[in-house]
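Fold and contact review
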Amino acid sequence: MAWTPLTDLELGGKRVLTRVDINVPVEDGRVTDITRIDRIVPTVKHILAAGGTPILLAHFGRPKGKVVPEMSLQPLVPALEDAFGTGVVFVADCRGPSAEAAVGALSSGQVLLCENTRFHAGEEKNDADLAAEMAKLGDIYCNDAFSAAHRAHASTEALARLLPNCAGKLMEAELTALEAALGTPKRPVMAVVGGAKVSTKLDLLGNLVEKVDALVIGGGMANTFLAAQGLDVGKSLAEHDMTDTAKEIAAKAASTGCELLLPRDVVVAREFAANAPHEVVTAEDCPADAMILDAGPDAVAHIKQVIDRSATLIWNGPLGAFELTPFDAATNAAAAYAAEKTAAGDLISVAGGGDTVAALNQAGAAEHFTYISTAGGAFLEWMEGKTLPGVAALG
Ligand code: ADP
Ligand code: MG
């Protein structure tokens, strides 16, 4: 761990330039989901309690280097004030004289919110001049936006190198959980990778077969692996042009000693619709006019056995078309079992990915997982084994 936690620094009287992810959904000028705001509250409150001044830097939407009034951060002020329990002053730039004056005029206990960093073209170019101007606003740089750490932008990368820096509490929690799951995990470690396509998760699969002891393949991508074994998957979602790639991943798993689990049985239907008439067949017996929409009960029993002998589980991607009942059954059952083992203290469980988080919430399992990452792209790049520029710049 090269980075310093925020909580290790002396913050009294310091202006703490804090990169956050508050890219929340807004409708008619109102925030409709405050999850991302809630997650930065511990960092902001810690800075305030320690006698520091939080100066927030954030992006919002994709204005592509231009001032786009609809992508201003100003409408977030009331929601931020509610969450922080203190006054939030907004300034219409993240650099320059107006921002510097706003910093100077702040009263103790207040928070400053600077306008969308992406209003400047230099942000996405990781521009050194923009970073230097932003650096003038603070004494310490704190990155609390793991979800933006896969991008080398001025506010996530260049700026970190100009000031004493640290990881905010959310960043710290995320890095600690991910390190525990894949960096130096308690073994045996298993991964569940599902979702729609092999092609979007190639690097992830390639990295995991080198690091985990067992890899469960589910969802649409399992169909591609079954097709690669020469099985007929009927009308299932499968990438037939990826069968060689699937074979290569299976061969790599065999050479690294990673046990690869494909579903032994599957749930098939004739239409992609909720409550479509369905049946359970072995993986070899998918009818030519049917599609595989979920893993079957025997496959779930197999996954549970692997969970039983694992100390750590990392999960990305649902095992079936979980948006359609009853094709959420395998995902729900495996998630509930992992949650139960975690609650009993027998498993460290970490999950992430947009649809995965939705599926685990739907299964009622998310709250029992050790850690759920809401970081999206950054989580996936981390699972791919990539160095995240925003993390590498800390320390
Ligand atoms: P995440 O967002 O967690 O990374 P993905 O986007 O890769 O996950 O995959 C989720 C999607 O995969 C869901 O929309 C789900 O319906 C789809 N899916 C899973 N299994 C199947 C299947 N057997 N057939 C068709 N779609 C599937
Ligand atoms: Mg998705």
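Residues numbered from 1 in each chain as written. Chains lettered and ligands numbered in written order. Predicted model: local features only at pLDDT ≥ 70, side-chain atom pairs only at ≥ 80, totals over all residues. Heavy atoms only, no water.

A few points about the pairing of strand β16 (residues 348–352)
- For β16, a buried count of four out of five residues is recorded, marking the element as mostly surrounded by other parts of the structure.
- Pairing of strand β15 (residues 312–316) with β16, which is carried by four bridges, proceeds in the parallel orientation. By the bridge assignment for β16, Ile314 is matched with Val350.
- Handedness of the crossover joining β15 and β16 through helix α12 (residues 329–343): right-handed.
- Sheet analysis places β16 next to strand β17 (residues 371–373), joined by three bridges and oriented parallel. The residue bridging Gly352 from the neighbouring strand is Ser373, located in β17.
- For the crossover that starts at β16, traverses helix α13 (residues 354–362) and ends in the parallel β17, the hand is right-handed. (Buried < 20%, exposed > 50% of the residue type's maximum accessible area, 1.4 Å probe, protein only. Helix = DSSP H or I, 4+ residues; strand = E, 2+ residues; numbered from the N terminus. Pairing = 2+ DSSP bridges. Right-handed = clockwise from strand over helix to strand, strands pointing away.)

Considerations on the domain arrangement of the protein
- The domain boundaries assigned to the protein delineate domain 1 (6–168) and domain 2 (185–383).
- The C-alpha-based centres of domain 1 and domain 2 are spaced at 37 Å.
- Every contact between the two is made by five residues of domain 1 and, on the other side, nine residues of domain 2.
- Across the domain 1 to domain 2 interface the summed buried area is about 560 Å²; carbon plus sulfur atoms make up 55%.
- A per-residue breakdown of the area domain 1 buries against domain 2 is headed by Arg39, Phe146 and His150, which together make up 80% of the total.
- Taken together, the links from domain 1 to domain 2 amount to one residue pair in polar contact (both at pLDDT 80 or more). (Domains from an automatic or database assignment. Contact = heavy atoms within 4.5 Å. Buried area = accessible area lost by both parts, 1.4 Å probe. Polar contact = N/O pair within 3.5 Å; in protein donor to acceptor, adjacent residues only side chain to side chain.)

Focus on the sheet that holds strand β13 (residues 278–282)
- Strands sit in the order β13-β12-β14 across an open sheet of three strands; the sheet is antiparallel. The open sheet is flanked by β13 and β14 (291–295), the only strands paired with a single partner. Put simply, the sheet's adjacent strands are angled 40° from each other on average, direction ignored.
- Here strand β12 (residues 265–269) pairs with β14 via four bridges, running antiparallel. Residue pairing across strands places Ala269 opposite Met291, the latter belonging to β14.
- Contacts between helix α11 (residues 297–308) and the sheet are confined to β12, β13 and β14, with β12 contributing the most and set at about 145° to the helix. (Axes fitted to C-alpha atoms, helices over the stretch in contact; angles between N-to-C directions.)

A word on the nonpolar core
- Among the nonpolar cores identified, the biggest contains 101 residues, and Ile22, Phe84, Phe146 and Leu215 are the most heavily contacted of them.
- A per-element tally of this core places helix α7 (residues 169–183) first, with seven residues.
- Both domains that meet at this core, namely domain 1 (6–168) and domain 2 (185–383), each give it at least three residues.
- If we skip the residues at most four places from it in the chain, Phe84 touches Ile40, Val41, Val44, Lys45, Leu56 and Val111.
- By size, the runner-up hydrophobic cluster in this structure holds 28 residues, among which are Val216, Ala295, Ala334 and Ala338. (Core = buried A, V, L, I, M, F, W, Y, C linked by side-chain atoms within 4.5 Å.)

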